[in-house]
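Here are the chains, one letter per residue:
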Amino acid sequence: MKEALLSHWREYVAIAPFFVLFAAFGIIPLVYALYLSTQRWDGLTEPEFVGLDQWARLFDTTEVVTAAGNTALVFLLGQIPVVVGALIAATLLSRPRLRFRGLYQTAFFLPQVTSVVAVTIVFQSLFANQYGFVNNILSTLGLSTQEWLSDPWKMKLVIALMVIWRGFGYFLLLFMAGISAIDRSVLEAAQIDGAGPVRSFWSIILPLLAPTMVFVTLTGAIAGVQIFTEPQVLFAQTGSAGGPNNGGLTMMLLQYEYLGGIGSSGTNQLVKPDLGFAAVIGWVIFLALVLLALLNNRLLRRSFGDR
């Protein structure tokens with residue numbers, strides 16, 4: 001065994017940089033975050049070991065429940081519609097005789113390469129409570145204006161619209177790439193057998209897109225759980241990380257608060273930094289992503305089988 005290892009030392013040296021970087025930026029920070037979750041530390045004084053008390057705080061801190069609920073609702077309102085819409089649009093845009101396909105792809109993909117801060121500022125202007133473009137349109141039509149950036153439910157809707165706006169083009173291109181990889185002879189054979197567009201979509205395109213669907217839904221889940229910049233910039237002028245009454249507070253924003261960011265509850269006060277509790281919140285986000293990945297894999301395998 002030892003001689004075999006020594007005989008391939010050049011190969012091990014060649015691949016060593018990857019494992020060194022993975023350990024330095026992956027394994028070691030993960031282990032340190034687990035250690036930090038047992039400490040109470042403001043980043044300046046000496047850390048204090050508190051065991052599992054930081055984890056117990058999850059059940060005593062109302063902001064955690066609020067942030068988890070907001071994150072879940074924004075995920076449902078934003079990620080699910082954008083994936084479904086991108087799949088349907090990709091199917092329509094993949095028709096063989098469609099003209100200007102490249103123009104459509106470019107137009108839909110542009111929001112993805114646009115700065116998320118710029119997109120958020122545009123949406124902030126569109127949905128501003130006073131003098132916002134949307135409210136001006138409603139007022140012109142004789143309809144009542146809405147408190148888009150004050151009402152808890154409407155806040156989440158605005159954030160979800162930003163998620164849809166930015167992610168639609170990216171998922172669209174992924175689905176179109178997956179559809180283009182499907183053998184056209186399979187679809188032609190289905191048409192000869194009398195299958196219509198809907199039947200071909202459900203029985204051929206959707207099952208053969210299972211690998212692409214796994215990737216899209218997984219990346220969408222990761223992006224949905226880690227929403228941060230959109231609400232943070234959207235409510236920056238309110239002096240609150242999550243907007244009035246924490247209507248837009250997400251798990252990532254809550255972690256940001258305990259790392260020393262802007263406080264919640266509509267005030268400019270900073271919460272007392274606690275890097276140990278921030279590490280616990282980070283672990284909760286990580287575990288939620290793992291559960292979503294496992295659930296996603298199980299549901300897709302049950303729907304499409306092993307492909």
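Residues numbered from 1 in each chain as written. Predicted model: local features only at pLDDT ≥ 70, side-chain atom pairs only at ≥ 80, totals over all residues. Heavy atoms only, no water.

**A closer look at the overall build of the protein chain**
Of the regular secondary structure elements, the protein chain holds 14 helices and two strands. With the C-alpha coordinates aligned to their principal axes, the bounding extent of the protein chain is approximately 85 × 75 × 30 Å. The burial tally for the protein chain puts 38% of its 307 residues in the buried class. A separation threshold of at least 6 residues defines the contact pool for the protein chain, and within that pool the share at least 24 residues apart is 65%. Measuring between centres, the 18 positive side-chain charges of the protein chain sit 14 Å from its 17 negative side-chain charges. (Helix = DSSP H or I, 4+ residues; strand = E, 2+ residues; numbered from the N terminus. Buried < 20%, exposed > 50% of the residue type's maximum accessible area, 1.4 Å probe, protein only. Contact = heavy atoms within 4.5 Å. Lys, Arg positive; Asp, Glu negative; His and termini not counted. Charge placed at Lys NZ, Arg CZ, Asp CG, Glu CD.)

**A word on unusual backbone geometry**
Positive phi, close to 65°, is recorded for Y131, a residue that is not glycine. Note on Y131: relative accessible area 75%, which makes it exposed. For N246, which is not glycine, the phi dihedral falls at a positive 60°. In this fold, N246 is placed in the loop between helix 12 (229-234) and helix 13 (251-258). Judged by its relative accessible area of 8%, N246 is buried.

**A few points about the environment of F228**
If you trace the backbone, F228 turns up in the loop between helix 11 (210-225) and helix 12. Note on F228: relative accessible area 24%, which makes it partly exposed. Ignoring sequence-local partners within four residues, the contact set of F228 consists of M252, L253 and Y256.

**Some thoughts on the packing of aromatic side chains**
All chains considered together, the criterion is met by eleven aromatic pairs. Look at F18 and F22: their rings are 6.1 Å apart centre to centre, the planes differ by 15°, and that puts the pair in the stacked class. Note that F18 and F22 are positioned in helix 2 (residues 9-36) at a spacing of four residues, about one turn of the helix. Exposure remark for F22: the relative accessible area of 44% places this residue in the partly exposed category. (Phe/Tyr/Trp six-rings, centres within 6.5 Å; stacked < 30°, edge-to-face > 60°.)

**Side note on the side chain of Q39**
Note that Q39 resides in strand 1 (residues 39-40). A distance of 3.4 Å separates a polar side-chain atom of Q39 from the backbone nitrogen of F49. Every residue in contact with Q39, bar those within four places of it in the chain, is listed here: P47, E48, F49, V50, Q54, D274 and G276. (Polar contact = N/O pair within 3.5 Å; in protein donor to acceptor, adjacent residues only side chain to side chain.)

**Details of the pattern of salt bridges**
Oppositely charged side chains are able to pair whenever their charged atoms sit close together. Summed over the entire model, instances satisfying the criterion amount to three salt bridges. One salt bridge in this structure joins E48 and R40, with 3.8 Å as the shortest N-O distance. Among the residues examined, E48 registers a relative accessible area of 44% and is labelled partly exposed. Residue classification places R40 among the partly exposed residues on the basis of a relative accessible area of 35%. A salt bridge links D151 to K154, with the nearest nitrogen and oxygen atoms 4.0 Å apart. Residue K154 is classed as partly exposed on the basis of its relative accessible area, which comes to 22%. (Salt bridge = Lys/Arg side-chain N within 4 Å of Asp/Glu carboxyl O.)

**What to know about a nonpolar patch on the surface**
Residues Y12, I15, F18, F19, F22, I27, I28 and V31 make up a contiguous nonpolar surface patch of roughly 830 Å² in combined accessible area. In this structure F18 comes out as exposed when scored by relative accessible area, which is 52%. (Patch = residues over 30% accessible without salt bridge, like charges linked within 9 Å, V, L, I, M, F, W, Y side chains within 5 Å. Areas by Shrake-Rupley, 256 points an atom, 1.4 Å probe, with all protein chains shown as cover.)

**Here's the deal with helix 6 (residues 116-126)**
In an α-helix, one turn spans 3.6 residues, which is why side chains three or four residues apart end up on the same side. When we look at burial in helix 6, the residues that qualify are V119, T120, F123 and Q124. Taken around the axis of helix 6, the buried residues stretch over an arc of 140°, which confines them to a single face. Buried-residue contacts for helix 6 involve helix 8 (152-180) and helix 12. (Arc of directions from axis to C-beta.)

**Here's the deal with the nonpolar core**
Counting 25 residues, the largest nonpolar core has L87, F171, L172, F175 and I205 as the members making the most contacts within it. With seven residues, helix 4 (residues 62-93) is the largest single contributor of residues to this core. Once residues within four sequence positions are removed from consideration, L87 is found in contact with F175, F201, L206, L209 and M213. (Core = buried A, V, L, I, M, F, W, Y, C linked by side-chain atoms within 4.5 Å.)

**Focus: the environment of V64**
Structurally, V64 is set in helix 4. Residues V64 and L172, 108 residues apart in the sequence, show an inter-C-alpha distance of 34 Å. Every residue in contact with V64, bar those within four places of it in the chain, is listed here: L58, M251, L254 and F277.

Honestly, it's all geometry; don't read function into it.
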